[in-house]
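# Structural overview
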Amino acid sequence: MPSFFKMSLTEVLKTLNVTKAGLTTEEVEERRKQYGYNELAEGKRKGIIQVFIEQFKDFLVIILIIAALISAFLGEIESTIVILVVLILNAILGTVQHMKAEASLNSLKSLSAPNAKVLRDGQIIEIPSREVVVGDILSLDAGDFVSADGRIIENHSLQVNESSLTGESLSVLKDEEPIQQNEVPIADKKNMVFSGSYVTYGRAVVAVTNIGMDTEIGKIANLLESAQEKKTPLQASLDEFGKKLALLIIGIAILIFALDMWRGHDLVDSFMFAVALAVAAIPEALSSIVTIVLAFGTQKMAKENAIVRKLHAVESLGSISVICSDKTGTLTQNKMTVQKVYVDHQVLEHGELKMDNPLEKRMVLMCLLCNDAVTIENKEIGDPTEVALVNFGEEHHYDELIMREKYVRIDELPFDSNRKLMSTVNQYEGKHLMFTKGAVDVLLSRVEYIETSEGIRRFTEKDHEEIEGINQNFSKNGLRVLAFAYKEMEMDHSVSLEDEYGLTFVGLTAMMDPPREESHEAVAACIGAGIKPVMITGDHKITASAIARQIGILKDDSEAVEGMEIEKWSDEMLKERVADLSVYARVSPEHKIRIVKAWQEKGNVVAMTGDGVNDGPALKQADIGVAMGITGTEVAKEASSMVLTDDNFSTIVKAISNGRSIYANIQNSIKFLLSGNTGAVLTVLYASFFALPVPFVAVHLLFINLLTDSLPAIAIGLEPYNKKIMKEKPRDIHEPLLNKAFAGRVLFEGILIAISTLIAFSIGLSTSDHMVASTMAFATLCLARLLHGFNSRSNQSLFKIGVFSNQFIWYAFIIGIVLLHLVLLVPGLQGIFEIAVLSPSELGSIYALAFMPLIVIQVYRVIFVKNN
Ligand code: ATP
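Here is what the cut-offs are and how they apply
Residues numbered from 1 in each chain as written. Predicted model: local features only at pLDDT ≥ 70, side-chain atom pairs only at ≥ 80, totals over all residues. Heavy atoms only, no water. Helix = DSSP H or I, 4+ residues; strand = E, 2+ residues; numbered from the N terminus. Buried < 20%, exposed > 50% of the residue type's maximum accessible area, 1.4 Å probe, protein only. Lys, Arg positive; Asp, Glu negative; His and termini not counted. Charge placed at Lys NZ, Arg CZ, Asp CG, Glu CD. Pairing = 2+ DSSP bridges. Axes fitted to C-alpha atoms, helices over the stretch in contact; angles between N-to-C directions. Expected span 1.5 Å × (residues − 1). Patch = residues over 30% accessible without salt bridge, like charges linked within 9 Å, V, L, I, M, F, W, Y side chains within 5 Å. Areas by Shrake-Rupley, 256 points an atom, 1.4 Å probe, with all protein chains shown as cover. Salt bridge = Lys/Arg side-chain N within 4 Å of Asp/Glu carboxyl O. Domains from an automatic or database assignment. Contact = heavy atoms within 4.5 Å. Near = heavy atom within 4 Å. Polar contact = N/O pair within 3.5 Å; in protein donor to acceptor, adjacent residues only side chain to side chain. Phe/Tyr/Trp six-rings, centres within 6.5 Å; stacked < 30°, edge-to-face > 60°. Lys NZ or Arg CZ within 6 Å of the ring centre and 35° of its normal. Parallel < 35°, antiparallel > 145°, perpendicular 65-115°, else oblique. Nonpolar A, V, L, I, M, F, W, Y, C, P; charged D, E, K, R; others polar. Left-handed = near helix turned anticlockwise from the far one by under 90°. Core = buried A, V, L, I, M, F, W, Y, C linked by side-chain atoms within 4.5 Å. Disulfide = S-S within 2.5 Å.

## Remarks on the overall build of the protein
Counting its secondary structure elements, the protein contains 32 helices and 26 strands. Projected onto its principal axes, the C-alpha coordinates of the protein cover approximately 115 × 65 × 45 Å. Taken across its 868 residues, the protein has 54% of its residues classed as buried. Placing the 81 positive and 107 negative side-chain charges of the protein at their respective mean positions leaves the two points 4 Å apart.

## Notes on the sheet that holds strand 9 (residues 322-325)
An order of 8-26-25-24-9-21-23-22 is seen for the eight strands of this open sheet, with the pairing classed as mixed. Here the strands that pair on one side only, and so sit at the sheet edges, are strand 8 (306-308) and strand 22 (560-562). Each strand axis lies, on average, 20° off the axis of its neighbour in the sheet, ignoring direction. In the sheet, strand 25 (residues 624-628) pairs with strand 26 (residues 642-644) via three bridges, with the strands oriented parallel. Looking at the pairing, Val626 lines up with Met642 of strand 26.

## Some details on helix 28 (residues 770-791)
For helix 28, built from 22 residues, the straight-helix expectation of 32 Å at 1.5 Å per residue is met to within 8% by its first-to-last C-alpha distance of 31 Å. Burial of helix 28 is extensive: 20 of the 22 residues sit out of reach of the surface.

## Quick look at a nonpolar patch on the surface
A surface patch of nonpolar side chains, about 1100 Å² in accessible area, is lined by Phe748, Phe799, Tyr847, Phe851, Ile855, Val856, Val859, Tyr860, Val862, Ile863 and Phe864. Examining the composition of the nonpolar patch, we find that nine residues originate from one element, helix 32 (residues 840-864), more than from any other. With respect to the helices and strands, Phe851 occurs in helix 32. Taking the relative accessible area as the measure of exposure, Phe851 reaches 37% and is therefore partly exposed.

## Thoughts on the domain arrangement of the protein
As assigned here, the protein comprises domain 1 (4-42 + 108-219), domain 2 (48-101), domain 3 (233-303 + 655-864), domain 4 (308-333 + 516-647) and domain 5 (337-512). Look at where the C-alpha atoms of domain 3 and domain 5 centre, and you get two points 70 Å apart.

## What about the side chain of Asp416?
Assignment of secondary structure puts Asp416 in strand 14 (residues 409-416). Taking relative accessible area as the criterion, Asp416 reaches 17% and is therefore assigned buried. Once you skip the residues sitting within four places of it in the chain, Asp416 turns out to touch Tyr201, Leu421 and Asn614.

## What about a negative patch on the surface?
On the surface, a cluster of negative charge is contributed by Glu76, Glu78, Asp266, Asp269 and Glu834. Residue class for Asp266 comes out partly exposed when judged on its relative accessible area of 41%.

## Side note on helix 18 (residues 541-551)
For helix 18, the set of buried residues is Thr543, Ala544, Ser545, Ala546, Ile547, Ala548 and Ile551. Taken from the residues just after helix 18, Gly552 is the one with a positive phi, measuring 95°.

## Some thoughts on the site of the ligand
Within the structure, the ligand sits among 19 residues, and Lys327, Thr328, Glu386, Arg480 and Gly538 are positioned closest to it. The contact in question runs from a nitrogen atom of the ligand to an N or O atom on the side chain of Asp383, over 3.1 Å. At a separation of 3.1 Å, a nitrogen atom of the ligand approaches a polar side-chain atom of Lys437. When the free accessible area of the ligand is taken as 600 Å², the share hidden by the protein chains comes to 90%.

## Description of the packing of aromatic side chains
If you walk through the whole model with that rule in mind, you get 16 aromatic pairs. With a centroid separation of 5.5 Å and 80° between ring planes, the pair formed by Phe703 and Phe833 is classed as edge-to-face. Highlighted residues: Phe703 in helix 25 (residues 698-708) and Phe833 in the loop between helix 31 (827-832) and helix 32, separated in sequence by 130 residues. Using a relative accessible area of 2% as the deciding quantity, one classes Phe703 as buried. Taking 6.4 Å as the distance between ring centres and 80° as the angle between the ring planes, the aromatic pair formed by Phe808 and Tyr811 counts as edge-to-face. Within this pair, Phe808 and its partner Tyr811 are both found in helix 30 (residues 807-825), separated by three residues, close to a single helical turn. An aromatic cluster is built from Phe790, Phe804, Trp810 and Phe813, whose rings are joined through pairwise contacts. A cation sits over an aromatic face here: Arg130 above Tyr37, 3.9 Å from the ring centre.

## A short note on the pattern of salt bridges
Between side chains of opposite charge, a pair can form when the charged atoms approach closely. Following the criterion strictly, the structure yields 30 salt bridges and no others. Asp463 is paired through a salt bridge with Arg457; the nearest N and O atoms lie 2.7 Å apart. Note on Arg457: relative accessible area 32%, which makes it partly exposed. Linking Lys724 and Glu728 is a salt bridge whose minimum nitrogen-to-oxygen distance equals 3.2 Å. Residues participating in the shared-partner salt-bridge network are Arg203, Asp372, Arg409 and Glu412.

## Here's the deal with the packing of helix 26 (residues 710-717) against helix 30
Their axes nearest at 8 Å, the elements helix 26 and helix 30 cross at an angle of 175°. By the angle between their axes, helix 26 is roughly antiparallel relative to helix 30. For the pair helix 26 and helix 30, contact is made by Leu711, Pro712, Ala715 and Ile716 and by Phe808, Ile809, Ala812 and Ile815, respectively. Residue classes in the contact of helix 26 with helix 30 are distributed as eight nonpolar, no polar and no charged.

## Digging into the packing of helix 16 (residues 461-476) against helix 18
Put simply, helix 16 and helix 18 touch, their axes get as near as 7 Å, and they point 15° apart. Considering the angle they form, helix 16 stands roughly parallel to helix 18. Helix 18 is crossed by helix 16, and the crossing has right-handed handedness. Only Ile542, Thr543 and Ala546 of helix 18 make contact with helix 16, whose side of the interface consists of Gln472, Ser475 and Lys476. Classifying every residue of the contact of helix 16 with helix 18 by side-chain character gives two nonpolar, three polar and one charged.

## Thoughts on the nonpolar core
Note on soluble globular proteins: their nonpolar side chains tend to be buried together. With 144 residues, the main nonpolar core has Ile320, Ile323, Met535, Met642, Phe649 and Phe778 as its most contacted residues. Broken down by element, the residue count for this core peaks at 16 residues, all from helix 24 (residues 649-689). The contacts of Ile323, once residues within four sequence positions are left out, are Cys526, Ile531, Lys532, Pro533, Val534, Ala607, Phe649, Ile652, Val653 and Ile656. The next biggest cluster of nonpolar side chains, apart from the first, holds 39 residues, and it includes Val132, Ile152, Phe194 and Val205.

## A few points about the pairing of strand 7 (residues 198-210)
Remark: a regular strand shows side chains that alternate across the two faces of the sheet. Of all 13 residues in strand 7, eleven are buried; the element is thus mostly enclosed. As paired elements, strand 3 (residues 137-141) and strand 7 share five bridges and run antiparallel to each other. Considered in strand 7, the bridge of Leu140 is made with Ala204. Taken together, the ten bridges between strand 4 (residues 149-161) and strand 7 define a ladder with antiparallel strand orientation. Within strand 7, the residue paired with Ile152 across the bridge is Val206.

## Some points on the state of the cysteines
Scanning all chains against the criterion turns up zero disulfides. Looking at Cys370, it has no disulfide partner, and the nearest cysteine sulfur is the one in Cys367, 9.0 Å off. Relative accessible area serves as the criterion here: at 0%, Cys370 is assigned to the buried category. Take Cys526: it sits in no disulfide, and the sulfur closest to it among the cysteines is that of Cys324, at 11 Å.

## Structural notes on the side chain of Arg446
As for its position among the elements, Arg446 is in the loop between helix 15 (440-444) and strand 17 (447-452). A relative accessible area of 13% places Arg446 in the buried class. Beyond its immediate stretch of four places on either side in the chain, Arg446 contacts Leu421, Glu500, Tyr501, Gly502 and Leu503.

## Some remarks on the environment of Val697
Checked against the element boundaries, Val697 lands in the loop between helix 24 and helix 25. For Val697, a relative accessible area of 23% puts it in the partly exposed group. Measuring from C-alpha to C-alpha, the distance between Val697 and Leu503 comes to 91 Å, with 194 residues separating the pair along the chain. For Val697, the residues in contact, after removing those within four places along its chain, are Ser774, Phe833 and Glu834.

Written out as C-alpha cells, the structure reads:
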C-alpha cells in the first residue's frame, strides 16, 4: 500500500492515475468493477425463508404447535391439520407484512443516505457516498462528512473532527504538506482525511486513496449494526404490556382448564380449549401492527417531503408543543434579491450604481469576489445570499467567473455562523486586498476606517450612528443587510482570523427574502394545534421581527430578543422568560441548545431545525431534530431525526399532523384487537362461571384471531388522516397509550360484543343443540368483530368520518366475510371447523346480533361524543 502522506501532490495524482479535473465516467465504471462500492460490510439482511421461520418462534405459536402435536398423538388428526393450516396461513400473512414493512423502511433509509461532492469529467457533482471510487477528487466544505480516506491536494484552513477514529473531540487543523516520516499515527497524518470524520471549518480538495472496508474506519469497524431498527418506545412498552397480559390470560386459561376438568369434561377437549382461549385472548400482533403502521406512515411522510431518519420520532411528533425554526429558507423563500445598496452616504436602488464611479464599482466587485456562488446556464449554485450578490453583479454586467479570474483569490477565511463573517484575499490592482462581508453589527465593530468619494478617513461615532440608522431602516422592512469592508494585506502573508480587524468600511447591501406563501397558514395551524412556533435566526432582530410579524409568529416587539442578551441570562432566567419569547435574533448555535433546554425543562417536547455544521448538538438535544435537505450540511442531517426535502416550515407542521394521525391509528388498531379479544374472553368466562356448555371449539377462536382479525387491524392503521387532529392539543408524552379512557372503551366495546355472542349462543342452545349454538356463537363473534372494525376507525361516528373513506377496511371486511361464509356454508370445511348447518332464521339472528355492537356504539357517539 503506497504511503500517500509522504508523497508530493504530483506523485499522489500519478499514483492514483487521475488529474485535478477528476475521473471520467468510464474510469469510474472501471474502478467500481475493480474496488466495488464505498460501503462498510453490513450484517446480512434476513431472507424471506428466515422471516417465515421466525413467525413460528412466537411463544403462542409454539404452544399451538405443541397442542397440534398432542392432538395428533391422541389421534385427533383433523384438529392437528386445522391448527397447522391456520398457523401456516398466519405465518404467510406475517411474512408478507414483515417484508413489506422492511422494504418500505429500507427505501426510507436510502432516501437519507449521505452524499459526497466529487469532480468528474471536470464538473462538481453530488453523488451518494457509496458511489465514490478510488481516485475520485472530493470537494469538502464545512458540514460535510468525509466519505472516504484521501490525501489533501488543495487546502483552505480545513479543520476536521476525527473523534470517531481517534476519540479526540477537538477539531484537527489540516495542511497539504508531505510528511517525511515512515510511521505516522492517524492523528498526525495532517495531510490526509479519513472516512467517518467531518469538516468543522474551511474547505479542501482531496484525492480519494481508499474506500469501503479498506479505509481506516473500515479496518477498525466490525460489521455495521445490522439493518434491523431498534424497537421504538411504543413497541417496547407494548411488548411489555403484551407479556403481562399474556401471563394474566395464561392464568385464566389454566383456571378454565381446571374448572372443565373438575366438571368432568374430556381432557383433550379441555386442553385444546384452554390453549385456544389463550391464543384468542393474547394480542400477539401488537408490536408488529406498530411496525406496519409506522412503515406505511413514514412512506406517506416521505412523499410529503419529510424523511424520518429515526422511527421513534414519529411517536414523539404527536407530542410536539414547540417548534423552533430557522428563518432563512425555512420560513422564507430563500430566493434573495438585492434591493438597495448604501455606499458613500447614499442609499441607491439596486440597478442605480454607476460603474464609472470607483467606489460603487468596488462595491459590486466585492460582492462578486468575496463570494463562492456561481450561476452557470441559469443554474444557481451556492448559498442564496451569495447567489443574490452574483445576480446583483450581473445586473451591472460583471460576470463572477471572469472577475474571479481577473482578480485571483489567493486566500480565504470561510463563512461561519458563529463569526458571521467571510473574507477572501484577492489580487487587486497590484495589491493584495482582503474583502470581508458579514453581519452589520459584527463587521462595524471591526471597522477603523471608512472610504467615501472624498477618500479614506477614520471611522467616527457619527458614521457608526448613520450606518446603524440605515441598517435599522432596511431591517424594519424585512430586508436582510450585509456589510462590506476591506483591508490591504502584506504580500506573502497567509490570512488568519486575527486579520479581520482594522477594516475599511465601504457599504451595505439590503436583500429581500420574502416569507414562503405557506408560512402564514402553517403558523396559524400550529397555534390552532396548541404548538408554539418560535423563530431562531442568525439575522438581525429588526429584520427577523418584521418577517415574524408578517407570518404571525410575533405579535409584540417585546417577544423578540437577541442572542447577546440571553447570553447575560442564567439558565433559570431563560426558563422563566422562554414562554414569552417568539423571536431570537443574532443567535449562535450554542444559544439554540440553551433555548431547547429551557423549553424542555418547562415540560415541552421540542422540534428544532438546523442546517449548519454547528447545529449538530442542538439538533440532538431537541426531541426532534429537523435538518434541511436542500441547504443542510451532512453533519446536520446525520444529527437529525427528520430531514425536510423542501426545507419548508409547513412540512414540519404536516409531519406533526401525520405523526398525530399515525399514533391515533395505532391506538385505534390496538383498541380493535383488544376489544375483540375481550369480547371472546368475557363470553367464555361467563359460560364457564355459569356452568353453560363451552361456547366455542378451539378452532373457532384460532380462525378468528389468526385469520379474520389481522387484516382489519392493519386497515385501521391505514385510516386516512382526519383534519380534526390538528384542532387538538399536543398529546402528553408521558400519557401511556393504554390509558384509563382507552381501557374503559376496550371494556365497554368488549362487553357489547360478548353480549351479542352470548345471546346468539343462548338462542342456539334453547332452540337447537350445542353444535348449532356453538356455530352461532362463533359466527356472531366473528362477524361482530369484523363490523367492529368500522367502529374502531376513530372515536367519532362513522357519519362524521365517512363510511367509505377508508377503502382498506372494506377490503378487510369483505375478505373476512368470504372466509367466514366459506366455513359456514362449504360442507367440507364445515366438518373441519366443527360447524353445524344453520337455518336461514339462525343465520338471520347472527347477522342481526352481530350488528348490535356497531349500532349501539355509533348511536352512543352520535348522541354523546362532543364535536360530532
Ligand atoms: P437562519 O439562522 O434563519 O438560517 P441566517 O442565514 O441569517 O438565518 P446564518 O447563516 O447563521 O443565519 O448567518 C448569520 C448572519 O451572518 C446573517 O444574518 C448574515 O448577516 C451573515 N451571513 C450570512 N451568510 C453570509 C455569507 N455567505 N457571508 C457573510 N456573511 C453572511
